[in-house]
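Architecture at a glance
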Amino acid sequence: MSTAEPELQRLLKLSLAGRNHPGYTTYAGLPAFNHDTVLTTLSTNRTSAKRLHREALVLGVVSPPASTSRDRKPMRVQFIYPDRIAEALKAGQSDD
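Here we summarise the structure given alongside this text. (Residues numbered from 1 in each chain as written. Predicted model: local features only at pLDDT ≥ 70, side-chain atom pairs only at ≥ 80, totals over all residues. Heavy atoms only, no water.)

**Observations regarding unusual backbone geometry**
In plain terms, the rule: Helix and strand assignments come from DSSP, with helices taken as H or I runs of at least 4 residues and strands as E runs of at least 2, each series counted from the N terminus. Between buried and exposed lies partly exposed: a residue is buried under 20% and exposed over 50% of the maximum accessible area for its type, with that area taken using a 1.4 Å probe on protein chains only.
A positive phi angle, near 55°, is found at alanine 28, a position not held by glycine. When you line up the elements, alanine 28 lands in the loop between β1 (24–27) and β2 (30–34). Taking relative accessible area as the criterion, alanine 28 reaches 71% and is therefore assigned exposed. Positive phi, normally seen in glycine, also occurs at arginine 72, with a value near 65°. Position of arginine 72 relative to the elements: it lies in the loop between β3 (66–70) and β4 (73–78).

**So, the sheet that holds β4**
Heads up, the rule is: When DSSP finds two or more bridges between two strands, those strands count as paired. Whenever a helix is involved, its axis is fitted only over the stretch in contact; in every case the axis is a line through C-alpha atoms, and angles between N-to-C directions fall within 0 to 180 degrees. Any pair of residues with heavy atoms lying within 4.5 Å of one another is described as a contacting pair.
One open sheet accounts for four strands, arranged β1-β2-β4-β3; its pairing is antiparallel. The open sheet terminates on both sides in strands that have one partner only, identified here as β1 and β3. Across the sheet, the mean angle separating the axes of adjacent strands is 55° when strand polarity is ignored. Sheet topology places β3 next to β4; five bridges connect them, and they run antiparallel. Bridge pairing in β4 links serine 67 to arginine 76. Strands in contact with helix α2 (residues 35–42) are β2 and β4; relative to β2, the strand with the most contacts, it is inclined by about 65°.

**Quick notes on the pairing of β2**
Relative to β2, β1 is paired through four bridges, and the arrangement is antiparallel. Each bridged residue has a counterpart across the sheet, and for threonine 25 the counterpart in β2 is alanine 32. The hairpin turn running from β1 into β2, its antiparallel successor, is two residues long, and alanine 28 in that turn takes a positive phi close to 55°. Relative to β4, β2 runs antiparallel, the two being bridged by two bridges. Looking at β4, one finds that asparagine 34 is bridged to valine 77.

**Details of the side chain of histidine 35**
To keep things clear, this is the line we draw: Pairs of N or O atoms within 3.5 Å make up the polar contacts considered here, provided that, within protein, one atom can donate a hydrogen while the other can accept it, and that residues adjacent in sequence are counted only when both atoms are side-chain atoms.
Among the secondary structure elements, histidine 35 is positioned in helix α2. Since its relative accessible area comes to 8%, histidine 35 is described here as buried. For histidine 35, the side chain forms a polar contact with the side chain of glutamine 78, separated by 2.7 Å. Apart from residues lying up to four places away in sequence, histidine 35 is in contact with His53, Pro65, Arg76, Val77 and Gln78.

**Brief notes about the pattern of salt bridges**
For clarity, the threshold we go by: Should a side-chain nitrogen of Lys or Arg be within 4 Å of a carboxyl oxygen of Asp or Glu, the pair is scored as a salt bridge.
For the structure on display, the rule yields three salt bridges. We note a salt bridge from glutamate 7 to arginine 10, for which the minimum N-O separation is 3.8 Å. With glutamate 7 and arginine 10 both in helix α1 (residues 5–17) and three residues apart, the pair spans about one turn of that helix. Using a relative accessible area of 36% as the deciding quantity, one classes arginine 10 as partly exposed. With its nearest N and O atoms 3.5 Å apart, the salt bridge here joins arginine 46 to aspartate 36. Residue arginine 46 is located in helix α3 (residues 46–59), and its partner aspartate 36 is located in helix α2; the two are separated by ten residues in the primary sequence.

Take a look at the structure:
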């Protein structure tokens, strides 16, 4: 995902927003984000967002989405790993 550094930066910013972000939730007692929020953070174009999401999964900077419910409303959530994002960004800089 070396060409997607802006997307990684946006994911990192999202992960640091934490509880202040409307897409924030908890899953199994751990901080997580609504899957649609993660996709929108990657790109406003749904097709591009899904492609970038697959790349982020391969890099290990996000977890696969998990299904849950809040107030009887089904939703998908996932974890973002800021330390892995920082490592990926650092590795991308050394490739130049």
